[in-house]
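# Residue-level structural notes
One-letter residues, chain by chain:
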Amino acid sequence: MCETYGCNITPGNEHLVRGEGKHAKTADGRAAVTVLQGLLSENDHQAARNRQHFDSRGLLALNLMSAPGSGKTSLLEATIEILGQHFGIAVIEGALETENDAERIRAKGVQAIQITTGSACHLDAHLVHDALQRLDLSGIDILFIENIGNLVCPASFDLGQHRNVILLSVPEGDDKPAKYPVMFRCADLVLCAKADLLPLMPEFQPDRAERYLRDLASAAPFESVSTRASSDLTPWLQWLQDELHAQRARLELGRTIGPNIHNNGVRRQIASEQGAPGQQHHVHSHG
Ligand SMILES: Nc1nc2c(ncn2[C@@H]2O[C@H](COP(=O)(O)OP(=O)(O)OP(=O)(O)O)[C@@H](O)[C@H]2O)c(=O)[nH]1
Ligand SMILES: [Mg+2]
């Protein structure tokens, strides 16, 4: 896990542990765990500020997570094709290297900011904050954050999103919720992606994948999707619109919501509905 090996130090928060940084040294001169816990705490503070920013704009922010290549960017491309006329959409893309995914999204006519982490295996709230400086959120209803392809570390970092969406693609095998529980426990929605491949891979049993998810005491909806046919995206598109409406209803009541975050089996208390004091709620109408 990141907390153990220190891979939660990213270009976005490195300043906190280097030079005169806030967490460069502990009081007794030792570092390591205390420093890393400090970073997580700083991350949570920054994430809360990011969420406040999103709430002041009345937008829904979603964190997409999966193993590498499960189909995150393809799903976003297909979603933009269908919903792009009706909703303002923007994307923050995460990858170790290349601008490829952001370019794919921009080719669909939507703003996309690429974050490249170098070697860091997850996005964090500081990196998202930096990306937000380069993103025009006016008129945006839904902000997608595509995390680094990784079924472990991204689950431990709140970015300021409202909901976590996890893709499990058919070629990965149906046992992934059992093998990567930290990730799947934090899901608000699990998408069984590349469902068009099910006839070719009968060893993947969606019922079994869902059972593994339920074994984690998760009540997250489990839906199949494929980007090969737009009709196969219906449950996802419906969930998206329902979540946008639900978030706006919360904001009208001065409330917001954060994701489930787990560290070493301990759930950090972010998920409960929270007050969103002092927000300026702008509802966009795109039909
Ligand atoms: N059969 C099938 N292939 C798909 C589907 N969605 C995506 N793919 C393919 O899966 C591969 C990876 O897709 P991406 O969208 O790049 O996956 P990703 O999760 O964004 O990948 P990373 O960002 O590298 O983690 C590509 O070759 C896609 O064409 C699908 O629904 N069905
Ligand atoms: Mg991608």
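Residues numbered from 1 in each chain as written. Chains lettered and ligands numbered in written order. Predicted model: local features only at pLDDT ≥ 70, side-chain atom pairs only at ≥ 80, totals over all residues.

## Some remarks on the overall build of the protein chain
Applicable threshold: Under the scheme used here, helices are H or I runs from DSSP no shorter than 4 residues and strands are E runs no shorter than 2 residues, and both carry numbers assigned from the N terminus. Partly exposed residues are those whose C-beta has more than 12 but fewer than 20 other C-beta atoms within 10 Å; 20 or more makes a residue buried and 12 or fewer makes it exposed, with C-beta atoms placed from the backbone. Once C-beta atoms are placed from the backbone, any two residues with those atoms within 7 Å are in contact.
Check the secondary structure of the protein chain and you find nine helices and eleven strands. Counting only residues that meet the buried cut, the protein chain has 46% of its 287 residues in that class. In the protein chain, 74% of the contacts between residues at least 6 apart in sequence involve partners at least 24 apart.

## Remarks on helix 3 (residues 72-83)
Formally: For a helix, the expected span equals 1.5 Å multiplied by the residue count minus one.
Here helix 3 is twelve residues long and its end C-alpha atoms lie 16 Å apart, about the 16 Å a rise of 1.5 Å per residue gives. Every buried residue belonging to helix 3 is among K72, T73, S74, L75, L76, A78, T79 and I80, and all of these are buried.

## Comments concerning the pairing of strand 4 (residues 142-146)
Under the convention used in this document: By definition, two strands form a pair when at least two bridges between them are found by DSSP.
Among the five residues of strand 4, five are classified as buried, and the element is accordingly described as predominantly covered. Burial along strand 4 is two-sided: the face carrying I142, F144 and E146 and the face carrying L143 and I145 are both buried. Judged from the five bridges that link them, strand 1 (residues 60-65) and strand 4 form a sheet pairing that is parallel. Bridge pairing links N63 to I145 in strand 4. Sheet topology note: the strand 2 (residues 89-95)/strand 4 ladder contains five bridges and is parallel. Bridging from a neighbouring strand, I92 pairs with I145 of strand 4.

## Side note on the environment of E97
Within the fold, E97 resides in the loop between strand 2 and helix 4 (100-106). Considering only alpha carbons, one finds E97 and Q114, 17 residues apart in sequence, at a separation of 9.4 Å.

## So, the site of ligand 1
Selection criterion: Using the backbone to place each C-beta atom, any residue with that atom within 6 Å of a molecule or strand is considered near it. Note on residue categories: nonpolar means Ala, Val, Leu, Ile, Met, Phe, Trp, Tyr, Cys or Pro, charged means Asp, Glu, Lys or Arg, and polar means any other residue, Gly included.
The environment of ligand 1 is made up of 17 residues, and the closest members are G71, K72, T73, S74 and G149. For the shell around ligand 1, a count of residues per class yields three nonpolar, nine polar and five charged.

## A short note on the sheet that holds strand 5 (residues 163-169)
The cut-off we apply is this: Only the contacting stretch of a helix is used when fitting its axis, a line to C-alpha atoms as for every element, and angles between N-to-C directions run 0 to 180 degrees.
Taken together, seven strands build an open sheet; the order of strands is 3-2-4-1-5-6-7 and the sheet is parallel. Lying at the two open borders of the sheet, with one neighbouring strand each, are strand 3 (111-116) and strand 7 (222-224). Neighbour-to-neighbour, the strand axes of this sheet turn through a mean angle of 20°, independent of strand direction. Where strand 2 meets strand 3, six bridges bridge the pair, whose relative direction is parallel.

## Section: the pairing of strand 1
Of all six residues making up strand 1, six are buried, and the element is well covered by its neighbours. Burial of the side chains of strand 1 extends over both faces: L60, L62 and L64 are buried on one face and A61, N63 and M65 on the other. Pairing between strand 1 and strand 5: four bridges, direction parallel. Each residue of the ladder has a partner; that of M65, found in strand 5, is I166.

## Some points on unusual backbone geometry
We note that T98 has phi near 80°; this positive angle belongs to a residue other than glycine. Of note, T98 is situated in the loop between strand 2 and helix 4. Residue classification places T98 among the exposed positions, given that 11 C-beta atoms sit within 10 Å. Notably, A217 is not glycine yet its phi reads approximately 65°, a positive angle.

## Focus on the confidence of the model for the protein chain
This is how the line gets drawn: Summary of the metric used: pLDDT quantifies the predictor's per-residue confidence within the range 0 to 100.
The pLDDT averaged across the protein chain works out to 88; a share of 85% of its residues lies at or above 70. Taken together, the stretch residues 277-287 has pLDDT below 50 and engages in 21 contacts with residues farther than four places along the chain or on a different chain.

## Looking at the environment of K22
Relative to the helices and strands, K22 is located in the loop between helix 1 (2-5) and helix 2 (33-57). According to the C-beta neighbour criterion, K22 is partly exposed, with 13 such atoms within 10 Å. For the pair K22 and E42, spaced 20 residues apart in sequence, the C-alpha separation works out to 10.0 Å.

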